[in-house]
Each structure stands twice: as C-alpha cells, then as structure tokens.
Amino acid sequence: MELNNTSWQQQLAEAFTDLNDLCRHLNIAIEDLPVLADHKAFPLKAPRSFVDCIEAGNPADPLLRQVLPLQQELSDLPGFSADPVGDLDALAEAGVLHKYQGRALFIMTGACAINCRYCFRRNFPYSDVQLTPQRQARAIAYLKTHPDISEIILSGGDPMLLSDDKLIALIRQLEQIPHLERIRIHSRLPIVLPARVTPALLDCLRLCAKPVVIVLHANHGNELSDAVKGACGQLKNQGVTLLNQSVLLKGVNDTVSALCELNEKLFSIGVLPYYLHMLDKASGTGHFAVSQEQALLLMNQIKKHLPGYLTPKLVKEVAGAPNKIMIS
Ligand SMILES: *Cc1c(COP(=O)(O)O)cnc(C)c1O
Ligand code: SF4
C-alpha cells in the first residue's frame, strides 16, 4: 500500500511542466504553434498518464488542447471575467460553500493534478479559501449544526490530491454525521492520474457507512485509457456510484461524434454521464467557448444517437442562481 501511495505522488511530481519538454516528447514543432511562452501565472501542468493519451505529432489533439497555453489566452473578450461564477460570495465558512439547498461543498485544496486551460480556477487558485486542517474542525461543526444538509460535496481544486491519510480521516468523520445521506467527491484524478485510486482509498470507500458518489471530470473519449478503465472498475467494485461531468469545449468535444463516443465509452467503463457544462466565462478561456445555440444543436443531434440515460444534461452556472440552470 505504501508503495502504491508513493507511486501516484511520484507520478505527480514527474508531471510535465515545461512547454518545450512536452512538445519534444510529443514530436510537435513548437515554433509552428501560437503558444503562450510566458504562462507562469497559470503554469502548464500535465501528468504523464494524461500525456500518454495524446497523439504524437498532432498539434490539434483534443487532449493537448486542454493543457496547451496559447496566445489566445491573452485576448480580452466581452463577457469574460475573473470570477464568472461568483462562488466566493457564497462562502458560509472558510472552505465551505453552502449555496445550494441540501448540499454543502468543501473546498479541500486549491491545487489540481493538471492545469486545464479552460478552467475558471486559472484566475483563482482558491488557496486562500481552502479548508486547512485548522479550518476542518469548524467546517465539520458547521455540517453538524445544519441538519438540512443531506449531501456533502468534496471539491477543490481536486480533493483526491489529499493524501490517503487525510482523505480517509475526513471521510471517517463525515460518515458519522447522522443527517448526511451521501458523500460526493468531485475529482479529475481517476482520469488524469489513475494510480491515485489506491488500495487504502478503495478500502475506505467500501467500508464507508454512507453511499459514496464520485463525479469524474472527463471531456474526451481518448482520456479513458485502459488504466482509467481499471481505476473505474475498482471504484465500482466498492459500491461507489460513478458519474461524469464534462465541459463543452471548442476544438475538444464540440462535435456529435466526440460527444457520442465519450458518453458511450464512459458507460462501457461503468460511468454514467451527468452534466455537460457550458464553459464558465473566465478570462483567458474565450477560445474554448461554444455558443448556446450551437450547444443546443449538438444536444439535439446526440439525443438522436444515444439512449436517454447516456445523454448528459446541458447546464450552465449563473452567478447568484439557486441551482445550476438546465438548457433545453
Ligand atoms: C454544482 C455545484 C453543486 C452541486 O450541484 P448539483 O446540481 O447537485 O450537481 C453544489 N455546490 C456548488 C457550489 C456547485 O457549483
Ligand atoms: S478544477 Fe478541474 S478543470 Fe479546473 S484545473 Fe482542476 S482538474 Fe482541471
């Protein structure tokens, strides 16, 4: 177990963080690409297990596009801003978002295993609001005194970046709160770093006194490698419900075939599609935007190809709204 644990952390330490290294590794001529050389503010970060799913020599690869800093990020577009979601206005306590009825969300960390260029986090590392160990006791106390909260969502950044010890200790505390009906974890780690699914974590999930839901974040079928399939199979064997949410991204998954393949492949590895999110309009992400009109056209097409249970719900986040908004 110890060995396995070291190994995901080591893999994380070996993630690509240098543009030249990444391009050389993928046999892509960096001179031909409009890359953003200075991207220190939101650095390049891509684990090797994710990079292994990128097609060498293809500068338009849909996975590469998710991690490649481009000059287009500098364009200031109307409607795009630093905090498009307005989440930070909804903090109930440091690290606790209680915005939606019956559900509260813990910001476990500001960090992720991968830096997705389309993410709203690019402008907000979230580090000053994350749930430090000192704040955790207060957050648990908040849950205990709010019996209307029936679901706790562990989010971030990526909550699975916490060590097994920390994550397991937290789950042990949460499962003892009588009015909590479910524990939900939002993570991209089983997709981008499947080695994170350790035996210790699997044991904890199997033994958890409350039903556990893990919402994965995969955007393209090519992300679902054999290793990811293995990790999902193991999670499922522990009785975890596996769902997926994607972001609709221009040049990544904005075609009927990409979306159908993603959702069918998800099912084949035991994961049900949940949400297809419109892009949050964070500064620097405009080149990923798909219009609502185009999104609806795509949805109408994929509904023709997929059974209802494999069709994700198209949603968008609206600052200040009491829930996510369905688009139909
Ligand atoms: C999306 C979201 C939730 C959960 O919403 P569901 O519709 O239940 O998936 C909870 N809290 C915050 C802050 C969210 O952004
Ligand atoms: S929060 Fe999700 S989308 Fe944003 S960088 Fe982290 S893994 Fe990527």
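Worth saying up front: this structure is predicted, and the values here are computed from it rather than measured.

Reading the values: rules and limits
- Residues numbered from 1 in each chain as written.
- Chains lettered and ligands numbered in written order.
- Predicted model: local features only at pLDDT ≥ 70, side-chain atom pairs only at ≥ 80, totals over all residues.
- Heavy atoms only, no water.
- Helix = DSSP H or I, 4+ residues; strand = E, 2+ residues; numbered from the N terminus.
- Rg over C-alpha atoms; globule rule 2.2 N^0.38 Å.
- Buried < 20%, exposed > 50% of the residue type's maximum accessible area, 1.4 Å probe, protein only.
- Contact = heavy atoms within 4.5 Å.
- Pairing = 2+ DSSP bridges.
- Axes fitted to C-alpha atoms, helices over the stretch in contact; angles between N-to-C directions.
- Domains from an automatic or database assignment.
- Buried area = accessible area lost by both parts, 1.4 Å probe.
- Salt bridge = Lys/Arg side-chain N within 4 Å of Asp/Glu carboxyl O.
- Polar contact = N/O pair within 3.5 Å; in protein donor to acceptor, adjacent residues only side chain to side chain.
- UniProt positions renumbered as here; feature names shortened; annotations may be inferred.
- Near = heavy atom within 4 Å.
- Nonpolar A, V, L, I, M, F, W, Y, C, P; charged D, E, K, R; others polar.
- Core = buried A, V, L, I, M, F, W, Y, C linked by side-chain atoms within 4.5 Å.
- Expected span 1.5 Å × (residues − 1).
- Arc of directions from axis to C-beta.

Chemist: Summarise the overall build of the protein; cite the residues concerned and give the values.
Modeler: Across its full length, the protein carries 11 helices and 10 strands. For the protein, whose C-alpha radius of gyration is 19 Å, the value lies close to the compact-globule estimate of 20 Å for 328 residues. Oriented by its inertia axes, the alpha-carbon framework of the protein measures out at about 55 × 45 × 40 Å. Within the protein, the fraction of its 328 residues that count as buried is 55%. The long-range fraction of contacts in the protein, counting pairs at least 24 apart against all pairs at least 6 apart in sequence, stands at 80%.

Chemist: Account for the sheet that holds strand E8 (residues 272–277), naming residues and giving values.
Modeler: Pairing is mixed in the open sheet, where 10 strands are placed in the order E1-E2-E3-E4-E5-E6-E7-E8-E9-E10. Looking at the sheet topology across the chains shown, the edges are occupied by strand E1 (91–93) and strand E10 (325–326). Of the pairings in the sheet, the one linking strand E7 (residues 241–247) to E8 comprises five bridges and is parallel in character. Following the sheet pairing, Ser 246 is matched in E8 by Leu 276. Those strands touched by helix H5 (residues 133–144) are E1, strand E2 (96–100), strand E3 (103–107) and strand E4 (151–155), and its axis lies near 180° from that of E3.

Chemist: For the domain arrangement of the protein, give the residues involved together with the corresponding values.
Modeler: Looking at the assigned domains, one finds that the protein contains domain 1 (8–74) and domain 2 (88–326). The straight-line distance from the C-alpha centre of domain 1 to that of domain 2 is 23 Å. Contact with domain 1, which involves 24 residues of that partner, is made by 32 residues of domain 2. Buried area between domain 1 and domain 2, both sides added, is near 2500 Å², and the carbon and sulfur share of it is 61%. Counting the surface domain 1 buries against domain 2, the share from its top three residues, Trp 8, Phe 42 and Gln 66, is 34%. Where domain 1 touches domain 2, the interface holds two salt bridges. Its salt-bridge partner being Glu 73, residue Arg 117 comes within 2.9 Å of it at the nearest N-O pair. The interface formed by domain 1 and domain 2 includes 13 residue pairs in polar contact (both at pLDDT 80 or more). Elements with a minimum of two residues in the side of domain 1 that touches domain 2: helix H1 (2–13), helix H3 (48–51) and helix H4 (64–67).

Chemist: Can you break down the UniProt feature "modified residue: N6-(pyridoxal phosphate)lysine" (unreviewed entry) in the protein residue by residue, with the values?
Modeler: Within this numbering scheme, the UniProt entry marks Lys 324 as carrying the feature "modified residue: N6-(pyridoxal phosphate)lysine" (unreviewed entry). As for its position among the elements, Lys 324 is in the loop between strand E9 (313–316) and E10. Among all residues touching Lys 324, those that are not within four sequence positions of it are Tyr 100, Tyr 275, His 277, Val 315, Lys 316 and Glu 317. Of note is the side chain of Lys 324, whose polar atom sits 3.0 Å from the side chain of Glu 317.

Chemist: Quick one: what's the story with the site of ligand 2, residue by residue and with numbers?
Modeler: Surrounding ligand 2, one finds Cys 112, Ile 114, Cys 116, Tyr 118, Cys 119, Arg 121 and Arg 188. When grouped by side-chain class, the residues that make up the shell around ligand 2 number five nonpolar, no polar and two charged.

Chemist: If you had to explain the nonpolar core to someone new, which residues and values would you point to?
Modeler: Residues Phe 106, Leu 143, Ile 152, Leu 154, Leu 174, Leu 205 and Ile 214 are the most contacted members of the largest nonpolar core, which totals 82 residues. No other element matches helix H6 (residues 164–174), which puts five residues into this core. Domain assignment of the residues forming this core places at least three in each of domain 1 (8–74) and domain 2 (88–326). Judged by nonpolar contacts, the second largest core, of 14 residues, contains Val 290, Ile 302, Leu 314 and Ile 327.

Chemist: I'd like a description of helix H9 (residues 226–237), backed by residues and values.
Modeler: Over its 12 residues, H9 runs 16 Å from end to end, which matches the ideal 16 Å to within 8%, given 1.5 Å per residue. Val 228, Ala 231, Cys 232 and Leu 235 are the residues of H9 that are buried. Along H9, the residues classed as buried sweep out an arc of 95° about the axis, all on the same side. Residues of H9 that are exposed and point over 90 degrees away from its buried face: Asp 226 and Asn 237. In the core, the buried residues of H9 are packed alongside helix H7 (189–192), helix H8 (199–207), strand E6 (212–216) and E7. Positioned one or two residues after H9, Gly 239 has a phi angle of 90°, which is positive.

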